[in-house]
Amino acid sequence: MTAAELPSGAKGALLDVWTMARRDLIRTMRQPEYLSFSVVMGVFFLVLFELVFGGVIAAGAGIDYDQYLVPGVLVITAITGALQTGNTLAVDLEHGADKRFRSLPMSRMAVLAGRTVADTIRNAVAVGLVAAVGYLFGFRFVSVGAAVAALVLTVGLGYAFSWVNAAIAAKVRSAELVGMLSMFWLFPLMFGSNLFTPTVAMPAWVKAFADNQPISVVATAVRALSNGADPGLSIAGSVGWIAALLAVFIPLSVRLYRRG
Amino acid sequence: MSAPVIVVEGLRKAYGDVVAVAGLDFTVDAGVVLGLLGPNGAGKTTTIEILTTLRRADAGRATIAGFDVATEPERVRRVIGLAGQAAAVDDRLTARENLDLFARLYKLPASVRRARVDELIERFDLGGFADRLVATYSGGQRRRLDVVAALIARPPAIFLDEPTTGLDPRSRLGLWEEIRRMAADGAAVVLTTQYLEEADRLADHIVIIDRGEVVARGTAEDLKKDLGRDVLVIHVTDADDLPRAAELAGDGVDVGTDVGHRMLTVQLAGGPPQGLDILKRLADAGIPVDDFQLRRPTLDDVFLTHTEARR
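About the cut-offs
- Residues numbered from 1 in each chain as written.
- Chains lettered and ligands numbered in written order.
- Predicted model: local features only at pLDDT ≥ 70, side-chain atom pairs only at ≥ 80, totals over all residues.
- Helix = DSSP H or I, 4+ residues; strand = E, 2+ residues; numbered from the N terminus.
- Buried ≥ 20, exposed ≤ 12 C-beta atoms within 10 Å, placed from the backbone.
- Contact = placed C-beta atoms within 7 Å.
- Rg over C-alpha atoms; globule rule 2.2 N^0.38 Å.
- Pairing = 2+ DSSP bridges.
- Nonpolar A, V, L, I, M, F, W, Y, C, P; charged D, E, K, R; others polar.
- Axes fitted to C-alpha atoms, helices over the stretch in contact; angles between N-to-C directions.
- Parallel < 35°, antiparallel > 145°, perpendicular 65-115°, else oblique.
- Left-handed = near helix turned anticlockwise from the far one by under 90°.
- Core = buried A, V, L, I, M, F, W, Y, C linked by C-beta atoms within 7 Å.
- Expected span 1.5 Å × (residues − 1).
- Domains from an automatic or database assignment.

Participant: Break down the overall build of chain B for me, with residues and values.
Facilitator: Helix and strand content of chain B: 11 helices and 14 strands. For chain B, the spread of C-alpha atoms along the principal axes amounts to about 80 × 45 × 40 Å. Within chain B, the proportion of its 311 residues that are buried is 44%. Excluding contacts between residues fewer than 6 apart, the proportion of contacts in chain B whose partners are at least 24 apart in sequence is 69%.

Here it is as structure tokens:
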């Protein structure tokens, strides 16, 4: 009776991440509401702002509101999709499912990394679906290349926020608490932003925050890519924000997870 | 004889001031089921957690198949299987998918994965529900899957932490069958339980712990024999005869009377001959008896004696 010879190190860890991601993707397919939640949120914001606030904002700011709004809605879709990383992880931790995993010959971070990878794949589908709905409203990308780049930035931001949520879940280990806590960062970031309206009319200190926080920076980059406009520093800024969030929250999540 | 699969020496663990495990020693050979028995809070789960690398001991040493749980946790994880109280199987997967998940995490090669999963489903009779989502299972089916998942990589050491807690008697019997098969296949099994009957039926060796210390150990038979005293239970016809009967049982003998049930219980330090002697004295004194019974000590008696003496 011998234990199977195991691929060690990085190769084994990657296998584990994929195994866990695969499991989470199967679960997601069995519960399509996970996918539909973020799609519905995106479409909800699209319809709400397009039909209810859009006329006033477009008239006041003198902009093509479809082109302005849809990039912001895509970012919202990715962020709300990332919320589910926290929820599902907290459920696993709450019920001790991860205890079993910790006794297995697998990479410890694969439980977290698999989850974030699966959520990111699901997020790419959700963002694509919402973009298709935006198309019906008249939103257009200037080129396929621009669309791909925009999708990568949007989903990349969602991936970074998956790790933010993973850290919160690893800390509090309660799905209910994770849901409540996420509102504290989600609403300020979502509304203190340029997602729905240009920031020109905001008080200076709000504008300073709203222009430079990660969600706005990515939305600005996606807007520039869709219009074929000069992105300025927004693409570099997006990549920088995503890298910074990952650099902080991956190690933090892993540390908090191990401590439990 | 080959070396024991599980070796535990002087294991200690405290949480702050509370000592959970206070110097535990035992070994488990291949093919043997060790029953770790104790009241709530005795340190059973902490012991399992240390042996399965989920916690670190403060002192002492434990090896599984020669690997040290403290210094070689990654190697240890390859040679153990753990099934716990919290069923870790995934609700939204089928039994087959859950087993496949564990097979992948143990890095079984793709070529044997499928066959191994099929083999376990067949062998442990999961076929009836293997392709249904776990969410639809009964508590017993779920727990069986949880235990079977621990076997996926044929680990030489298996840890079952109160595997039958909360199961109905029928499911418990089914699971017992499976645990016996694991040992028959050559695994060293550590089983924690609060059910004395379970330890009696399953465990080749029993270690009773209380407040983290071993208070008794041996086979179920040894433990009962060490306790020694058979119990003689006599029902007299007339409750008024009880005081006299108790007197006749002899001086310095541990006697209990229950007037309501017209019952006399005598702890027989001298075994069956002493019982015969007492019955004869009652007959000679003309005290009518409805019935009598000689009862062997049960594991309950052993357990209560060893854990209550310390309270």
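Participant: Tell me about the overall build of chain A, and name the residues and values.
Facilitator: Looking only at helices and strands, chain A features 10 helices and zero strands. When the helices and strands of chain A are read in sequence order from the N terminus, they spell out α-α-α-α-α-α-α-α-α-α. The globule rule puts the C-alpha radius of gyration for 260 residues at 18 Å, and the 19 Å found for chain A is close to it. Principal axes of the C-alpha set define a box for chain A whose edges measure 75 × 35 × 35 Å. Out of the 260 residues belonging to chain A, those deemed buried represent 46%. Looking at chain A alone, contacts between residues at least 24 apart form 81% of all its contacts between residues at least 6 apart.

Participant: Pulling in residues and values, what's your account of the sheet that holds strand S4 (residues 59-64) of chain B?
Facilitator: The strand order S2-S1-S4-S5 (chain B) describes an open sheet built from four strands, whose pairing is antiparallel. The strands lining the two open edges of the sheet, one partner per strand, are strand S2 (18-28) and strand S5 (67-68) of chain B.

Participant: Now, about the interface of chain B and chain A: what can you tell me, with residues and values included?
Facilitator: At the junction of the two partners, chain B supplies 27 residues and chain A supplies 24 residues. Every element with two or more residues in the side of chain B that touches chain A is listed here: helix H2 (73-78), strand S6 (80-83) and helix H3 (95-105) of chain B. For the side of chain B that touches chain A, the element with the most residues is H3(B), which contributes four residues. Of the residues in the side of chain B that touches chain A, the class split is 14 nonpolar, four polar and nine charged.

Participant: Tell me about the sheet that holds S6(B), and please be specific about residues and values.
Facilitator: Residue and element names in this part refer to chain B. Pairing in this open sheet of six strands is mixed, and the strands run S6-S7-S8-S3-S9-S10 from one edge to the other. Across the chains shown, the open sheet's two edge strands, defined by having one partner strand only, are S6 and strand S10 (213-218). If you compare each strand with its neighbour and ignore which way they point, the axes differ by 15° on average. Pairing between S6 and strand S7 (residues 157-161): four bridges, direction parallel. When the bridges of S7 are listed, Ala83 appears paired with Leu160. Lying over the sheet, helix H6 (residues 169-184) contacts strand S3 (33-37), S7 and strand S8 (188-193), oriented at roughly 150° with respect to S8.

Participant: Summarise the pairing of S3(B); cite the residues concerned and give the values.
Facilitator: Residue and element names in this part refer to chain B. Here S3 lies mainly inside the structure; five of its five residues are buried. Across the two faces of S3 the burial is the same, with Val33, Gly35 and Leu37 and Leu34 and Leu36 all buried. Of the pairings in the sheet, the one linking S3 to S8 comprises five bridges and is parallel in character. Looking across to S8, one finds that Val33 is bridged to Val189. Two strands pair when backbone bridges link them, and S3 and strand S9 (residues 205-210) are joined in this way by four bridges, in the parallel orientation. What sits directly across from Leu36, in S9, is Val207.

Participant: Before we move on, can you summarise the environment of A:Leu104 with the specific residues and values?
Facilitator: Here A:Leu104 is to be found in the loop between helix H4 (97-102) and helix H5 (110-136). For A:Leu104 and A:Glu33, which are 71 residues apart along the polypeptide, the C-alpha to C-alpha distance reads 31 Å. Among all residues touching A:Leu104, those that are not within four sequence positions of it are B:Arg77, B:Leu105 and B:Tyr106.

Participant: Could you give me a rundown of the packing of helix H5 (residues 139-149) of chain B against H6(B), with the residues and numbers involved?
Facilitator: Residue and element names in this part refer to chain B. The geometry of H5 relative to H6 is characterised by a closest axis approach of 10 Å and an angle of 15° between their N-to-C directions. Our classification of the angle between H5 and H6 gives roughly parallel. Seen along the crossing, H5 lies across H6 with a hand that is right-handed. Seen from H5, the contacting residues are Gly139, Gly140, Arg143, Arg144 and Val147; seen from H6, they are Ser171, Gly174, Leu175 and Glu178. Tallied by class, the residues present in the contact of H5 with H6 amount to two nonpolar, four polar and three charged.

Participant: Talk me through unusual backbone geometry; I want residue IDs and the actual numbers.
Facilitator: Across the chain, the bulk of peptide bonds are trans and the bulk of non-glycine residues have phi less than zero. Residues and elements named next belong to chain B. Backbone geometry at Lys107 places phi at a positive 60°, although glycine is not the residue there. Here Lys107 falls in the buried class, since 23 other C-beta atoms lie within 10 Å of it. Even without being a glycine, Arg262 presents a positive backbone phi close to 50°. Residue placement: Arg262 occurs in the loop between strand S12 (255-258) and strand S13 (263-268). Look at Arg262 and you get partly exposed, because 19 C-beta atoms sit within 10 Å.

Participant: So what about the nonpolar core? Which residues, and what values?
Facilitator: Counting 148 residues, the largest nonpolar core has A:Val75, B:Leu34, B:Ile64, B:Ala157, B:Val189 and B:Leu191 as its most contacted members. The element best represented in this core is helix H3 (residues 65-94) of chain A, accounting for 15 residues. Counting 10 residues, the second largest nonpolar core, distinct from the first, contains B:Leu232, B:Ala245, B:Val266 and B:Leu282.

Participant: Outline H3(A), listing residues and values.
Facilitator: Residue and element names in this part refer to chain A. Taking 1.5 Å of rise per residue, the 30 residues of H3 would be expected to cover 44 Å, and the 44 Å separating its terminal C-alpha atoms lies within 8% of that figure. Across the 30 residues that make up H3, a large majority, 25, are buried. Residue Gly96 follows H3 closely and has a positive phi angle near 75°.

Participant: Before we move on, can you summarise the domain arrangement of chain B with the specific residues and values?
Facilitator: The domains assigned to chain B are domain 1 (6-225) and domain 2 (227-297). Averaged C-alpha coordinates put domain 1 of chain B and domain 2 of chain B at centres separated by 44 Å.

Participant: Kindly report on helix H1 (residues 9-30) of chain A, identifying the contributing residues and their values.
Facilitator: With 22 residues, H1(A) should reach 32 Å at 1.5 Å per residue; the first-to-last C-alpha distance of 32 Å fits that figure. Looking only at H1(A), the buried set comprises A:Asp16, A:Val17, A:Thr19, A:Met20, A:Ala21, A:Arg23, A:Asp24 and A:Thr28. Elements that come into contact with the buried residues of H1(A) comprise helix H2 (33-61) and H5 of chain A together with H3 of chain B.

Participant: Can you tell me about the packing of helix H9 (residues 214-227) of chain A against helix H10 (residues 234-259) of chain A, naming the residues and giving the values?
Facilitator: Residue and element names in this part refer to chain A. It is at 8 Å that the axes of H9 and H10 come closest, and there the two elements cross at 140°. Once H9 is placed against H10, the crossing between them reads as left-handed. Two secondary-structure elements touch here, H9 through Pro214, Val217, Val218, Thr220, Ala221 and Ala224 and H10 through Ser234, Ile235, Gly237, Ser238, Trp241 and Leu245. Classifying every residue of the contact of H9 with H10 by side-chain character gives eight nonpolar, four polar and no charged.

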